Amino acid sequence: INLDVVKRLQKVLEDAGAKVVLTRTEDINVPLYDRVKIAKQEDSLICISIHSNALADGADPFKKHGTSVFFYNKESAQLAKTMRDVITQNLGTKDDGVSKCSFVMTRPTMPLSVLIEVAYMIHPEEYKLLLDKDFRQKAAESIKSGLEQYLLNSVNSDGTN
């Protein structure tokens, strides 16, 4: 599911003229630190890690679900907030928040790094959405829109970028 969203995101971003580097193109495990290393070696400006959330045993998926975005460094906070706002608005998912969290994929200071939990695979309705290719396409387009909005706001905020 996540790889499919990523490949759809790659297509919509490349169609818009972006250079996209994937840390994996097949359904294989790439160690987390290798993913960060690839992003840095490619001089990436922004690193977006795509996931489908779950909960610890015993947690209630009807209370905690939706879309969440994680960041660690303050430089990535506005990117995370913008991504969350656009994705939840476009997908109609519950806002599960923006959180500062020290994940391997959120710690780099360069590139800017965020981890997006599109929806909860443990929540029955959201899992059905994740299985729907049209929803995954809409998720990819929403992530692209969030990225575009962030970049446009960055340019407009100081006029120098």
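Please read all numbers here as calculations on a predicted model, not as lab measurements.

Some remarks on the packing of aromatic side chains
- A complete count under the given rule lists one aromatic pair for this structure.
- Ring geometry for phenylalanine 70 versus phenylalanine 103: centroids 5.2 Å apart, planes at 70 degrees, classification edge-to-face. Within this pair, whereas phenylalanine 70 is found in strand 2 (residues 67–71), its partner phenylalanine 103 is found in the loop between strand 3 (95–100) and strand 4 (112–120), the two being separated by 33 residues in sequence.
- A relative accessible area of 30% places phenylalanine 103 in the partly exposed class.

Things to note about the layout of surface pockets
- Counted as a void, the largest pocket has a volume near 830 Å³.
- Surrounding the largest pocket, 32 residues form its lining, Val20, Val21, Ile46, Cys47 and Ile48 being those nearest its centre.
- Broken down by secondary-structure element, the contributors of at least two residues to the lining of the largest pocket are helix 1 (2–15), helix 2 (32–41), strand 1 (46–53) and helix 5 (133–158).
- When the residues that make up the lining of the largest pocket are grouped by side-chain class, the tally is 19 nonpolar, six polar and seven charged.

A word on the environment of leucine 151
- With respect to the secondary-structure elements, leucine 151 resides in helix 5.
- Relative accessible area serves as the criterion here: at 41%, leucine 151 is assigned to the partly exposed category.
- Considering only alpha carbons, one finds leucine 151 and methionine 121, 30 residues apart in sequence, at a separation of 30 Å.

Structural notes on the sheet that holds strand 2
- A sheet is described by the order of its strands in space; here four strands give the open sequence 1-4-2-3, paired in mixed fashion. Since the sheet does not close on itself, it has two edges, and those belong to strand 1 and strand 3, each with one partner. The average angle at which neighbouring strand axes cross in this sheet is 15 degrees, direction not considered.
- In this structure, strand 2 lies alongside strand 3, joined through four bridges in parallel fashion. Looking at strand 3, one finds that phenylalanine 70 is bridged to serine 99.

Side note on helix 2
- When helix 2 is considered as a whole, its buried residues turn out to be Arg35, Val36 and Ala39. Each buried residue of helix 2 sits inside an arc of 95 degrees when the element is viewed along its axis, so together they form one side. Away from its buried face, by an angle of more than 90 degrees, helix 2 presents the exposed residues Tyr33 and Gln41.
- In the segment just after helix 2, aspartate 43 is the residue with positive phi, at about 55 degrees.

Things to note about the pairing of strand 2
- The buried fraction of strand 2 is high, at five of five residues.
- Residues Thr67, Val69 and Phe71 line one face of strand 2 and the alternating positions Ser68 and Phe70 line the opposite face, and both faces are buried.
- Between the parallel pair strand 2 and strand 3, the chain is carried across by helix 3 (residues 77–91), and the sense of this crossover is right-handed.
- As judged from the three bridges shared by strand 2 and strand 4, these two strands associate in the antiparallel manner. Looking at strand 4, one finds that phenylalanine 70 is bridged to leucine 115.

Calculation criteria
Residues numbered from 1 in each chain as written. Predicted model: local features only at pLDDT ≥ 70, side-chain atom pairs only at ≥ 80, totals over all residues. Heavy atoms only, no water. Phe/Tyr/Trp six-rings, centres within 6.5 Å; stacked < 30°, edge-to-face > 60°. Helix = DSSP H or I, 4+ residues; strand = E, 2+ residues; numbered from the N terminus. Buried < 20%, exposed > 50% of the residue type's maximum accessible area, 1.4 Å probe, protein only. 1 Å grid on protein atoms, 1.4 Å probe; cavity = no way out; pocket = protein on both sides within 12 Å on 5 of 7 lines; lining within 4 Å. Points joined across faces, edges and corners; volume = space filled by probe spheres on them. Nonpolar A, V, L, I, M, F, W, Y, C, P; charged D, E, K, R; others polar. Pairing = 2+ DSSP bridges. Axes fitted to C-alpha atoms, helices over the stretch in contact; angles between N-to-C directions. Arc of directions from axis to C-beta. Right-handed = clockwise from strand over helix to strand, strands pointing away.

None of the figures reported here should be taken as evidence of function without further support.
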